[in-house]
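The primary structure of each chain is shown beneath.
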Amino acid sequence: MARTLQESKDVLAERAERQMGDHFGDSKLTTRQKLALTCRIAFDGGHDSGLAGQISARGQEQGTYYTQRLGLGFDEITEDNLLLVDEDLQVLEGEGMPNPANRFHTWIYRARKDVNCIIHTHPLHVAALAMLEVPLVVSQMDTTPLYDDCAFLKDWPGVSVGNEEGEIISAALGDKRAILLAHHGQLVTGATVEEACTLAMLIERAARLQLLAMSAGIVQPLDPVLAREAHDWTSRDRRNKANFAYYARKALRNHPDCVTGEVEL
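Residues numbered from 1 in each chain as written. Predicted model: local features only at pLDDT ≥ 70, side-chain atom pairs only at ≥ 80, totals over all residues. Heavy atoms only, no water.

As annotated in an unreviewed UniProt entry, the chain carries the name Aldolase and comes from Actinomadura geliboluensis.

Given below as structure tokens:
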């Protein structure tokens, strides 16, 4: 006989959070493996744009981070061909050169101690929305992790290889986890690779939904209180880990070459 039908939403949510803690533990994957998987996840999720875009995550030593080698597409990244670079983009481990546009990652890492992973890409629907010079509008439940959490840079600062662009983009991002860059693309951040990966997948879906809705009518806003509640609930660490594990299993079926040895998800 049911015993929970009279319990409040708060009680039910607290119980669900405890259960997620029991069922979705910390990953045994290395940072390199998570980044390689994220590249393949992003590729399959519509983030492919030739050689454009960068993915990075902090290294163990302060002022270092892992990123992909310039000249390789997201579908070619493996845990073994990632680079470890310093804040000047000097290669500390690996062969090849990083994308010079990684310079603005340095600025974000310096400004945001809470950020441990950055994903910058030019996916189709995000890029199309960016051409309109309008902010991302979150108006559907699945995309609420981005509610009031996506900044907007309306003025395109040009190719992001200089320090000026790093200063502009990091300042525009502020304390939010994501930003839509007009005439450019998107950037998401995360305290974990799993969080950043989840947001990257969501921002492209949100942009696609927005374009579809705008073509049919006027996008209606969410109730702010409910939207904030949904943002906080769907942004929990254990949900991000569960999302990432699902995406990673799919990626491994399509790209078993991206990691070495046995992978436990």
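Additional details are given in the paragraphs that follow.
## Topic: the overall build of the chain
Along its length, the chain carries 8 helices and 8 strands. A compact globule built from 265 residues should have a C-alpha radius of gyration of about 18 Å, and the chain, at 19 Å, falls within 12% of that. Reported as C-alpha extents along the three principal axes, the dimensions of the chain are approximately 65 × 45 × 35 Å. By residue count, 46% of the 265 residues in the chain fall in the buried class. Long-range pairs, those at least 24 residues apart, make up 69% of the contacts in the chain with a sequence separation of at least 6. When the accessible area of the chain is evaluated, it comes to approximately 13500 Å², of which 52% is carbon and sulfur surface. (Helix = DSSP H or I, 4+ residues; strand = E, 2+ residues; numbered from the N terminus. Rg over C-alpha atoms; globule rule 2.2 N^0.38 Å. Buried < 20%, exposed > 50% of the residue type's maximum accessible area, 1.4 Å probe, protein only. Contact = heavy atoms within 4.5 Å. Areas by Shrake-Rupley, 256 points an atom, 1.4 Å probe, with all protein chains shown as cover.)

## A short note on the nonpolar core
In this structure, Leu35, Leu37, Leu136, Leu146 and Ile203 are the most contacted members of the largest nonpolar core, which totals 46 residues. Secondary structure elements with two or more residues in this core: helix H2 (31-47), strand S1 (54-58), strand S5 (117-121), helix H4 (124-131), strand S7 (178-181), helix H6 (193-216) and helix H8 (237-254). Looking at this core element by element, the count peaks at 10 residues for H6. When neighbours within four sequence positions are excluded, Ile203 is seen to be in contact with Val126, Leu136, Leu146, Cys150, Ala178, Ile179, Gln186 and Val188. Judged by nonpolar contacts, the second largest core, of 17 residues, contains Tyr109, Ile118, Leu173 and Ile179. (Core = buried A, V, L, I, M, F, W, Y, C linked by side-chain atoms within 4.5 Å.)

## Brief notes about the packing of aromatic side chains
For the coordinates displayed, the defined rule picks out 2 aromatic pairs. Aromatic side chains Tyr246 and Tyr247 sit 5.8 Å apart centroid to centroid with 45 degrees between the ring planes, which places their arrangement in the tilted category. When its relative accessible area of 42% is taken as the criterion, Tyr246 is described as partly exposed. (Phe/Tyr/Trp six-rings, centres within 6.5 Å; stacked < 30°, edge-to-face > 60°.)

## Some details on helix H3 (residues 103-111)
Here H3 has its buried residues at Phe104, His105, Thr106, Ile108 and Tyr109. Where H3 is buried, its residues meet S1, strand S2 (64-67), S5, helix H5 (163-173) and strand S8 (185-190).

## Looking at the packing of H6 against H8
Remark: H6 packs on H8, axes separated minimally by 8 Å, with the N-to-C direction vectors making an angle of 70 degrees. Taken together, the axes of H6 and H8 lie roughly perpendicular to each other. For the pair formed by H6 and H8, the contact residues are Glu194, Glu195, Cys197, Thr198 and Met201 on the first element and Asn240, Lys241, Asn243, Phe244 and Tyr247 on the second. Here the contact of H6 with H8 is built from residues that sort into 4 nonpolar, 3 polar and 3 charged. (Axes fitted to C-alpha atoms, helices over the stretch in contact; angles between N-to-C directions. Parallel < 35°, antiparallel > 145°, perpendicular 65-115°, else oblique. Nonpolar A, V, L, I, M, F, W, Y, C, P; charged D, E, K, R; others polar.)

## Examining unusual backbone geometry
Even without a glycine there, the phi angle at Glu133 is positive, about 60 degrees. Although it is not a glycine, His183 adopts a positive phi angle of roughly 60 degrees. Note that His183 resides in the loop between S7 and S8.

## Overview of the pairing of S2
Two faces make up the sheet, and in a regular strand the side chains alternate between them. Side chains Thr64 and Tyr66 of S2 all project onto a buried face; the interleaved residues Tyr65 and Thr67 project onto the opposite face, where all are buried too. As defined by bridge partners, S1 adjoins S2 across 3 bridges and the pair is classed as antiparallel. Bridge pairing in S2 links Ser56 to Thr67. Count of turn residues in the S1/S2 antiparallel hairpin: 5 residues, of which Gly63 carries a positive phi of about 80 degrees. As judged from the 4 bridges shared by S2 and strand S3 (residues 83-86), these two strands associate in the antiparallel manner. What sits directly across from Tyr65, in S3, is Val85. (Pairing = 2+ DSSP bridges.)

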